[in-house]
Amino acid sequence: MAYRFSRFEPGGVLGLWENPSHLGFPDDAHGGVMNTKGKALRPAETIQRVMISTTSYFVGEFCTDDTLISHAWPRSGDRRANMHFFEDSPLSRCAFVISFETPPPVKQVGAAVPQYAPTADFYAAAMSVLYGKRFDAHGSLENSGSFNVPSMEAYTSFCDPLLPHNTKRPRVDLGFPLSLEHVERVYRIFDTVEETPAHDAFHAAGRFYARALRAAESDPESAYLHLITAAELISNAHLPAGERLLDDELESDVQRIAGALPDGAKVASRLRRRLFEVKRRFVQTFLDFIDDDFFNRSESEDPIWGLKRDQFRVAISAAYDLRSQYVHSGATFGNWVEATRRLHERQVGRPVVRDPAMSRILFDAPTLIGLERLTRYMILKFAQAHLKMDLTIPQPA
């Protein structure tokens, strides 16, 4: 397969192709021909390598004819290096190198050098959604025939190993085993020349979901807003503006207007757009994809603080209201939604804030733990419905 992921197309420019001597390689003084000494030791121009890592723990590898995801192991015998890998600590990390084949670059003086580092961001986002674990992208190791220095800042950052997206066990919902072989599930839906709005929505929502997991501990407010954005992207693809959010009575009224007025069709269309605003699409999309089985489990230590079916619509509506309060009035709420020691998915009591309306919204809205769980479940169910993603959980042998 010849590198068919069009969304992995080069995302930037490292520089411009120049005379080989300008790149630091010896050349013929007259002909500008690159010296072939050590050619076999240089990175292949058609094999790219990027690095990602996770705060969880994975086994196995993923391999196709043109893509390999495999572990980057810590140095044997180095206790400090192995602490990142094996121990359940705030510094726990597993690192992976993603190698993939690309078409030969067009080498002309002045032509752009392709930059394939965004591939790391794509896989980090897709794998975050698939497994419900935090993944970080570290950039390129080898790119278009050159060695690159990866960014290792996130690799040494601290994390809370008890949070669901950092633990070394599968999630309570759609808990795929923590083995790289299951990357096949997301690889399969993007291994196609076809691009649809559903593909774009899944990819974009995954990016914001992954950002939310990275920000969850340091900036819970931003993490919450990232999850709202991820859900909005899915709702826009699942329920495009103007479609099916009117109940039977309102639909009947709109149809009467369309038939009674000279320009009724135009008026009806305008009413549909206004009646089916972003928030209604947002809430309805969650209602479409969050099934009864979701409420049989919880990330909370005590199920009494898990999300409840009978409070679900109000909770989702309040989550969106929090976003609106933040955007329109600058109201802060991060300390009210951040992860608690017992991983509450909803508020324990009514928050004491100056604005009574804000207090009610905070009380009704899910916490960051609850909204993260809801958002991942909704994104995966969307992928199943619109992209035929396989969500079958393998049973233990």
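Just above sits the structure.
Here's a quick rundown of the structure.

### Some points on the packing of helix 2 (residues 118-131) against helix 12 (residues 368-387)
Helix 12 packs onto helix 2 with a crossing angle of 105° between their chain directions and a minimal axis gap of 9 Å. Here helix 2 is positioned roughly perpendicular relative to helix 12, judged by the angle of their axes. Where helix 2 approaches helix 12, its residues Val129, Leu130 and Tyr131 are matched on the opposing element by Arg376, Ile379 and Leu380. A class-by-class count of the residues in the contact of helix 2 with helix 12 yields five nonpolar, no polar and one charged.

### Some points on the nonpolar core
Among the nonpolar cores identified, the biggest contains 80 residues, and Tyr131, Phe202, Tyr224, Phe286, Ile290 and Leu322 are the most heavily contacted of them. Ranked by residue count, the leading element in this core is helix 12, at ten residues. Apart from the residues lying within four places of it in its own chain, the contact partners of Tyr131 are Phe58, Arg171, Phe176, Pro177, Leu178, Ser179, Leu180, His182, Val183 and Arg376.

### Here's the deal with the pairing of strand 4 (residues 67-72)
Here strand 3 (residues 62-63) pairs with strand 4 via two bridges, running antiparallel. Bridge pairing in strand 4 links Phe62 to Ile69. Linking strand 3 to strand 4, which pair antiparallel, is a turn of three residues. Sheet topology places strand 4 next to strand 5 (residues 94-101); six bridges connect them, and they run antiparallel. Considered in strand 5, the bridge of Ala72 is made with Ala95.

### Some details on the packing of aromatic side chains
The relation between two aromatic rings is expressed through the spacing of the ring centres and the mutual angle of the planes. If you walk through the whole model with that rule in mind, you get 18 aromatic pairs. Ring centres of Tyr224 and Phe333 lie 5.4 Å apart, and the angle between their planes is 75°; this geometry places the pair in the edge-to-face category. Placement of the pair is Tyr224 in helix 5 (residues 220-238) and Phe333 in the loop between helix 9 (312-329) and helix 10 (334-337), with a sequence separation of 109 residues. Judged by its relative accessible area of 0%, Phe333 is buried. These aromatic residues form a ring-pair network of at least three members: Phe58, Phe96, Tyr131 and Phe135. Over the ring of Phe208 we find Arg211; its NZ or CZ atom is 4.7 Å from the centre of that ring. Lying over the aromatic face of Phe363, Arg350 brings its terminal NZ or CZ to 5.0 Å of the ring centre.

### Looking at unusual backbone geometry
Of note in the backbone geometry, Ser144 takes a positive phi value of approximately 50° without being a glycine. You can see Ser144 is positioned in the loop between strand 7 (135-143) and strand 8 (146-147). Note on Ser144: relative accessible area 4%, which makes it buried. Here the phi dihedral of Lys388 falls at roughly 60°; this positive angle occurs in a residue that is not glycine. Here Lys388 is to be found in the segment after helix 12.

Quick notes on the rules
Residues numbered from 1 in each chain as written. Predicted model: local features only at pLDDT ≥ 70, side-chain atom pairs only at ≥ 80, totals over all residues. Heavy atoms only, no water. Axes fitted to C-alpha atoms, helices over the stretch in contact; angles between N-to-C directions. Helix = DSSP H or I, 4+ residues; strand = E, 2+ residues; numbered from the N terminus. Parallel < 35°, antiparallel > 145°, perpendicular 65-115°, else oblique. Contact = heavy atoms within 4.5 Å. Nonpolar A, V, L, I, M, F, W, Y, C, P; charged D, E, K, R; others polar. Core = buried A, V, L, I, M, F, W, Y, C linked by side-chain atoms within 4.5 Å. Buried < 20%, exposed > 50% of the residue type's maximum accessible area, 1.4 Å probe, protein only. Pairing = 2+ DSSP bridges. Phe/Tyr/Trp six-rings, centres within 6.5 Å; stacked < 30°, edge-to-face > 60°. Lys NZ or Arg CZ within 6 Å of the ring centre and 35° of its normal.

Limitation: the analysis is restricted to geometry and does not speak to function.
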